[in-house]
Amino acid sequence: MKEITKYISAYYLDEEDLLSGIKKMQENNVKVLDAFTPFPVHGLDKVLGIRRSWLPRVGFIGGTIGALTGFFFQMWVFTEGYQMNIGGKPLLAIPSFIPVTFESAVLFAAFSMVFAFLFRSRLGLGAENKIYDVKSTDNHFVVVAGYEENKSDDVKEKMEAAGATIIEVKE
Amino acid sequence: MYVSPQREPLIKGEKDYATITNDVTAPMAGKPGKYWFMGITISTTAFLLGGVATFFTVWFGIGTWGLNKTIGWGWGITNFVWWVGIGHAGTFISAILLLFRQKWRTSINRSAEAMTLMAVACAGFFPLIHMGRLLVGFFIFPYPNTRDVWVNFNSPLLWDVFAITTYFFVSLLFWYVGLIPDLGTIRDRAKKVWQKKIYGFLSFGWVGSARHWSRHESLSLILAGLAAPLVLSVHSIVSMDFATSVIPGWHTTIFPPYFVSGAVFSGFAMVLTLLIIARKTMNLEEYITIGHIESMNKIIIATGSIVGIAYLTELFVAWYSGVEYEQYAFLNRATGPYWWAYTIMMTCNVITPQLFWFRKIRRSLVATFIISIFVNIGMWFERFVIVVTSLHRDFLPSSWTMYKPTLVEVGLYVGTIGLFFTLFLLFVRVFPVIAISEVKSVLKTSGEKKK
Amino acid sequence: MEQNMENKFVFDSKIKMILYGMIAVGLIALLVGLFSEGVVESRFWANLLLNNFYFLALALGGTFFVAVHEMGESGWQTSIQRVPEAMGRFIPFAGVLMLITFLFGIHHLYHWTDTAHHDEILAGKAPYLNTTFFYIRFAIYFAGWSILSYYLRKASIDMDSDADIKYYKKQRILSSVFVVFFAITSSTSAWDWLMSIDAHWFSTLYGWYIFSGLLVSTIAMIILILIFLRNQGYMSHVNKEHLHDLGKYLFAFSILWMYLWFSQYLLIWYSNIPEETVYFVERVNNHSTIFYVNLVMNFVLPFLVLMTRNSKRMIGVTGVVALIVFAGHWVDYFLAIMPGVVGENTKVGFFEIGLTIGYIGLFLFIVFLGLSKASLIPKNHPFYKESLDYHTNY
């Protein structure tokens, strides 16, 4: 997500007003860039045109790699690396390998997804993203829109028409 | 989304989004109260006691424990299984209840998940100390070494290493991912500069962008989908430590699901014990309502009854099997020298939770608190019964013996309880006990005001 | 077809004819089984037991589905609830058919009924495994199941004409009683009718394993009936969300079934005690194809196909998987029953398939008759509205 330096922000106190407000702004050709909310608002991704996340696929790939690594590593240890007769079981004791295979699948899937999430969202220990307004983590739903030179008043009016409570212009 | 008026509100009182933020962050901003200091003094003392016991064990060796040639596993494994079991409620609440769309989980999931992490840490301590030399504890992991030896992937004890490690890390990820938005909230409320710095650092730069939320929700769901079978697998694998053997009373196929059910049972009991105190001292009664307590009690009675059926199934099949050793093992449990442990287990796990069939008792704080303590005790004795009574009557009658814990073993156990409570008390000071953003997301549909 | 005012299913002659045809096929198969040389008596009775048990399990699963959701104060399922409720109507019919099977075939099915030849292990089990007690338990199970499921359905239907909340409360009480009764009897009936076939063998997990199969096959059946009803123009309110939720159940319970299957297998394989391993040795060595087909149909396929959100939301895909799982659990019961009763030479021929078609016809006939007698939607259920207006994000 690129940092937006020149923007107008509109504030709402209710998620339903936010959704209808954004729709209205979009109808009036306001370029809505992003919205910042204290909790996930259902339907917001549809309104803003955010595609479904690819994280499940990352998880699937991670899990598959984990399962294969777990299984073949055990297989290698018992048939090549360190052959040992344990309780008369065959060297390739597949049922015995299932628990570790499963656990490594889950471990790989979870880590790959979380890292993909952090990387994709530019989040991480000590990461400093621009905080558009501290109120957005409390009780305000903030819409951030871009504007062209000298047209801020126009956008402002349209935001007012869309029912926003406070409107601020930042440069 | 429509919610039937038949349902009890999950958040009481006149609340809006700002009051939720204030209510949850308030206890963190002020100075800790008298009870907190009392609690932390007691728990750190207990923890230090455990330190002393650890010193004795390491310095003088496992001989300081009450184990003998017949009973190789005593308190250590009992406590291990007990703690792992307690660690099951958190991830059950956050993963399985999320998948079942149980909204009431939002008020309790954060603290329950924290308890999971602490309980698993306490559990991990016991196998480590039982190995004696703490410094070479990493031998249990498969890594290329000069001895040219690999770990034994055929052993359930090694499966345990993988299961517990995975469980700890996945629970940690799940917990922390959920915590990130709330840490952002605290960062934006923090008054002191150093607080802002630290929470800013921990919050990973969270700003609450719609794109972030969209991915965050997707991530939480898939993590829940992964954690749900993981919860089942962990205690199943713990149960296999026993069930893969040929010891009468241990080798029974019902163990995996029955242990899982028992784990959730004991975990919820511990969550109840702590939250009944926490909601009172931290003024969270409007968030953790009687309705929440009742829902947890329903899970207690469900899992407790499943455990009860498993006990009876074991008893019946031991007789039905026609294997005299199996039959003796169960007869000896109930009527042998450890009959008292068996009686405590049966009373606390099967009989007292049945009181929750009555709505009045389910919704009574005092009764719930007492029964939850009973369940904690009962589930400890369940593990003790399984471990000790099956071992103390060996195949060779000349090896028959009794087991009694020593002070050092008791000290280790008390030490982990101290560790658990110390960590929990620290947790309530520095992190929000309630998932702020998640509670906000259900306020509209399940808050009292909207009704 | 138009939705009629009362939202009732019209059991028209076209559907009836098809079902009569299916039942006729079943009857022909039954006659073939009785008079053909190829169908030995043990094979004949084993198949009757298999189908009886399977369709009884579906009926019980229907009632259990309703009861457990009522207990859990769940809302989403209310608008499809009439289907599992109607499935529960088959319980007493299954009871009659099962009684006939046991009255004539018990000696072919259970060798513990043969008390003439002394067997020390079986003598030890005699206080439980004897025909008198067997029939007493049989009577208790069917009395409890039939009565509770009848009144549970009745309370639900009574609610249609009277919006009083007392019916809902009654439903919840009956649900609790049923779940508690079923928690015990689901295990004991599985021991009685399936585990005691291999009378020397025992496994504590067996009852729960059979129960998990019951759960997943019930979900498959509900999905199939719902798809049929939708194709006939009913239940227009049932949308992708309901199907998605049922698909999730199908996916999750397939994993649960696999988990229990594997737990039982692993522990027996690992400990390697001959009196326990005999069960799997018999099945792996003499029925190896079915042994692996069972796992593929009931776990591998549903797991891989239903993993994505999209496939759970596609009626066609979920329907096909439900069909596979439905057939898969027939295979699972086949593997549970046949080796013990018939031995090594098990076959799947016209007799097996025809008889199963007959049972499907009979089961559906009873279910559709039930659906046609009451509204398809419990409009006065306190959570009914929730079931219409909800969407799953996951």
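What you are looking at is a predicted structure, and each value in this text was computed from that prediction instead of being measured. Within every chain, residues take consecutive numbers counted from 1 along the sequence as written. Ligands are numbered from 1 and chains lettered from A, in the order in which they are written. Residues qualify for local features only when their pLDDT is at least 70, as the model is predicted, and side-chain atom pairs are given and counted only at 80 or more; totals for whole chains, interfaces and linings, by contrast, use all residues. As a rule here, side-chain values come from all non-hydrogen atoms in the structure, and water together with hydrogens is ignored.

(A) Up close: the overall build of chain A. Helix numbering and strand numbering both begin at the N terminus, where a helix is a DSSP run of H or I of at least 4 residues and a strand a DSSP run of E of at least 2. Broken down by element type, chain A carries five helices and four strands. The C-alpha extent of chain A, read off along each of the three principal axes, is 80 × 30 × 25 Å. Counting the 171 residues in chain A, one finds 48% classified as buried. We call two residues in contact when some of their heavy atoms are within 4.5 Å. Considering only intrachain contacts with a sequence separation of at least 6, the fraction spanning at least 24 residues in chain A is 75%. Per-residue accessibility takes into account occlusion by the displayed protein chains alone, with areas from the Shrake-Rupley method and a 1.4 Å probe. A total of about 8,900 Å² of accessible surface is found on chain A, and carbon and sulfur atoms cover 56% of it. Across chain A, the centroid of the 18 positively charged side chains sits 7 Å from that of the 21 negatively charged ones. Under the scheme applied here, a residue whose accessible area is under 20% of the maximum for its type counts as buried, over 50% as exposed, and between as partly exposed, the area being computed with a 1.4 Å probe on protein chains only. Charged residues are defined narrowly, with Lys and Arg counted positive, Asp and Glu counted negative, and His plus the chain ends left uncounted. To locate a charge, the coordinates of NZ of Lys, CZ of Arg, CG of Asp or CD of Glu are taken.

(B) Representation of the overall build of chain B in the model. Of regular secondary structure, chain B possesses 16 helices and zero strands. Over its C-alpha atoms chain B spans a radius of gyration of 23 Å, differing by no more than 12% from the 22 Å that the globule rule assigns to 451 residues. Along the three orthogonal principal directions, the C-alpha set of chain B runs to about 70 × 55 × 40 Å. When each of the 451 residues of chain B is scored for burial, the buried share is 63%. We take the radius of gyration over the C-alpha atoms and set the globule estimate at 2.2 Å times the residue count to the 0.38 power.

(C) Expanded view of the interface of chain A and chain B. The interface is formed by 65 residues belonging to chain A together with 55 residues belonging to chain B. In total, chain A and chain B occlude about 5,400 Å² of area from one another, counting both sides; carbon and sulfur atoms represent 69% of this. The term buried area means the drop in 1.4 Å probe accessible area that two parts suffer when joined, counted for both and summed. Considering only the side of chain A, the residues that lose the most area to chain B are A:Glu103, A:Phe117 and A:Thr137, jointly responsible for 12% of the buried surface there. The salt bridge criterion pairs a side-chain nitrogen of Lys or Arg with a carboxyl oxygen of Asp or Glu, the two atoms within 4 Å. Across the chain A-chain B interface, the total number found is three salt bridges. Looking at the side of chain A that touches chain B, the elements that each hand over two or more residues are α1 (15-27), β2 (31-36), α2 (44-48), α3 (55-81) and α4 (94-120) of chain A. Among the elements that take part in the side of chain A that touches chain B, α4(A) stands out by supplying 16 residues, more than any other. Each residue receives one of three labels: charged for Asp, Glu, Lys and Arg, nonpolar for Ala, Val, Leu, Ile, Met, Phe, Trp, Tyr, Cys and Pro, and polar for the others, Gly being one of them. Looking at the side of chain A that touches chain B, its residues break down into 39 nonpolar, 13 polar and 13 charged.

(D) Molecular detail of the packing of aromatic side chains. Here a pair means two rings of Phe, Tyr or Trp (six-membered ring of Trp) with centres within 6.5 Å. Their orientation is stacked below 30 degrees between planes, edge-to-face above 60, and tilted elsewhere. One pass over the full model with this rule turns up 124 aromatic pairs over all chains. Ring geometry for A:Phe73 versus B:Trp150: centroids 5.2 Å apart, planes at 80°, classification edge-to-face. Linking A:Phe73 in helix α3 with B:Trp150 in the loop between α5 (109-130) and α6 (156-189), this pair reaches from one chain into another. Residue B:Trp150 is classed as buried on the basis of its relative accessible area of 14%. A ring is scored as having a charge over it whenever the NZ atom of a lysine or the CZ atom of an arginine sits within 6 Å of its centre and within 35 degrees of its normal. A cation sits over an aromatic face here: B:Arg7 above C:Phe383, 3.9 Å from the ring centre.

(E) Focus on the domain arrangement of chain A. As used throughout, domain bounds are those supplied by an automatic or database domain assignment. Split into domains, chain A comes out as domain 1 (7-51 + 128-170) and domain 2 (55-120). The straight-line distance from the C-alpha centre of domain 1 of chain A to that of domain 2 of chain A is 46 Å.

(F) Structural context of the side chain of B:Asn332. With respect to the element layout, B:Asn332 can be found in helix α11 (residues 324-335). Setting aside residues up to four positions removed in sequence, B:Asn332 forms contacts with B:Pro337, B:Thr389, B:His392 and B:Arg393.

(G) Geometry of the interface of chain C and chain B. Listed by partner, the interface residues are 51 residues for chain C and 43 residues for chain B. At the surface where chain C touches chain B, the tally comes to three salt bridges. As a salt-bridge pair, C:Glu386 and B:Arg7 come within 2.7 Å of each other at their nearest N and O atoms. By the criterion applied in these results, polar contacts are pairs of N or O atoms within 3.5 Å in which, for protein atoms, one can donate a hydrogen and the other can accept it, and in which residues neighboring in sequence qualify only through two side-chain atoms. Taken together, chain C and chain B are joined by 16 residue pairs in polar contact (both at pLDDT 80 or more). Elements with a minimum of two residues in the side of chain C that touches chain B: α5 (120-125), α7 (165-193), α9 (240-271), α10 (274-286) and α15 (384-388) of chain C. A per-element tally of the side of chain C that touches chain B places α9(C) first, with 12 residues. In terms of residue class, the side of chain C that touches chain B is made up of 29 nonpolar, 12 polar and 10 charged.

(H) Up close: the packing of α5(B) against helix α15 (residues 407-430) of chain B. Residue and element names in this part refer to chain B. With their axes 10 Å apart at the nearest point, α5 and α15 run at an angle of 150° to one another. It follows that α5 is roughly antiparallel to α15 by the angle criterion. The handedness of the crossing between α5 and α15 comes out as right-handed. On the side of α5, the interface is formed by Arg110, Ser111, Ala114, Met115, Met118, Ala119, Cys122, Phe125 and Phe126, while α15 contributes Leu412, Tyr413, Thr416, Leu419, Phe420, Leu423, Phe424 and Phe427. The residue makeup of the contact of α5 with α15, split by class, is 14 nonpolar, two polar and one charged. To obtain each axis, a line is fitted to C-alpha atoms, and for helices this fit is confined to the stretch in contact; angles are then taken between N-to-C directions over 0 to 180 degrees. Throughout, the term roughly parallel applies to angles under 35 degrees, roughly antiparallel to angles over 145, roughly perpendicular to angles from 65 to 115, and oblique to all others. For any helix crossing, the convention is left-handed if the near helix is rotated counterclockwise from the far helix by under a right angle, and right-handed if that rotation is clockwise.

(I) Molecular detail of the confidence of the model for chain A. Summing up the model confidence of chain A, the mean pLDDT is 85 and the portion of residues at 70 or higher is 96%. Here strand β4 (residues 167-170) of chain A stands out as the least confident element of chain A, with mean pLDDT 75; α4(A) is the most confident, with 94. Known as pLDDT, the predictor's confidence for each residue is given on a scale from 0 to 100.

(J) Representation of the sheet that holds strand β3 (residues 141-146) of chain A in the model. Residues and elements named next belong to chain A. In this scheme, strands are said to pair when DSSP sees at least two bridges between them. With antiparallel pairing, four strands are arranged side by side in an open sheet as β2-β3-β1-β4. The sheet is open, and its two borders are formed by β2 and β4, each paired with just one other strand. The mean angle between the axes of side-by-side strands here comes to 25°, regardless of whether they run parallel or antiparallel. For strand β1 (residues 7-12) and β3, the ladder comprises five bridges, and the chain directions are antiparallel. The partner of Tyr12 across the bridge, within β3, is Phe141.

(K) Region of interest: unusual backbone geometry. The phi angle at B:Phe204 is positive, at roughly 65°, despite the residue not being glycine. Of note, B:Phe204 is situated in the loop between α7 (193-202) and α8 (210-243). For C:Glu73, which is not glycine, the phi dihedral falls at a positive 50°. Looking at where C:Glu73 falls in the secondary structure, it is placed in the loop between α2 (41-71) and α3 (82-87). Under the relative-accessibility criterion, C:Glu73 is labelled partly exposed at 27%.

(L) Highlighting the side chain of B:Glu409. Residues and elements named next belong to chain B. Tracing the backbone through its elements, the reader meets Glu409 in helix α15. At 2.6 Å, the side chain of Glu409 forms a polar contact with the side chain of Tyr403. There is a polar contact of 3.0 Å between the side chain of Glu409 and the backbone nitrogen of Thr406. If sequence neighbours within four positions are ignored, Glu409 has contacts with Trp65, Gly66, Trp75, Tyr403 and Lys404.

(M) How the structure looks around the environment of C:Val284. All names here are of chain C. For Val284, the position within the fold is in helix α10. Val284 gets classed as partly exposed once you look at its relative accessible area, which sits at 23%. In the structure, Val284 is positioned 88 residues away from Ser372 in sequence and 45 Å away in space, judged by C-alpha atoms. Apart from the residues within four sequence positions on either side, Val284 is in contact with Phe291 and Tyr292.

(N) Structural view of the environment of B:Val161. Residues and elements named next belong to chain B. As for its position among the elements, Val161 is in helix α6. Here Val161 falls in the buried class, since its relative accessible area comes to 13%. Separated by 37 residues in the primary sequence, Val161 and Gly124 place their C-alpha atoms 9.1 Å from one another. Ignoring any residue separated from it by four or fewer positions in sequence, one finds Val161 in contact with Ile140 and Phe141.

(O) Local environment of α7(B). Residue and element names in this part refer to chain B. Where α7 is concerned, the buried positions are Gln195, Tyr199 and Gly200. Buried residues along α7 cover an arc of 125° about the axis, so they all sit on one side. α7 presents Val193, Trp194 and Lys197 as exposed residues on the side facing more than 90 degrees away from its buried surface. Those residues of α7 that are buried are in contact with α1 (17-29), α6 and α15. Directly after α7, the chain includes Phe204, whose backbone phi takes a positive value near 65°. Note: the arc covers the axis-to-C-beta directions of the helix.

(P) Quick peek at the pattern of salt bridges. Residues and elements named next belong to chain B. One pass over the full model with this rule turns up 26 salt bridges over all chains. Among the salt bridges present, the one from Lys15 reaches Glu286, with a minimum N-O distance of 2.4 Å. Note that Lys15 is positioned in the segment before α1 and Glu286 in the loop between α9 (255-281) and α10 (290-321), a separation of 271 residues in sequence. The partner of Lys280 in a salt bridge is Glu285, and the shortest N-O contact between them spans 3.6 Å. Taking the relative accessible area as the measure of exposure, Lys280 reaches 55% and is therefore exposed. Judged by relative accessible area, Glu285 falls into the partly exposed class, the value being 29%.

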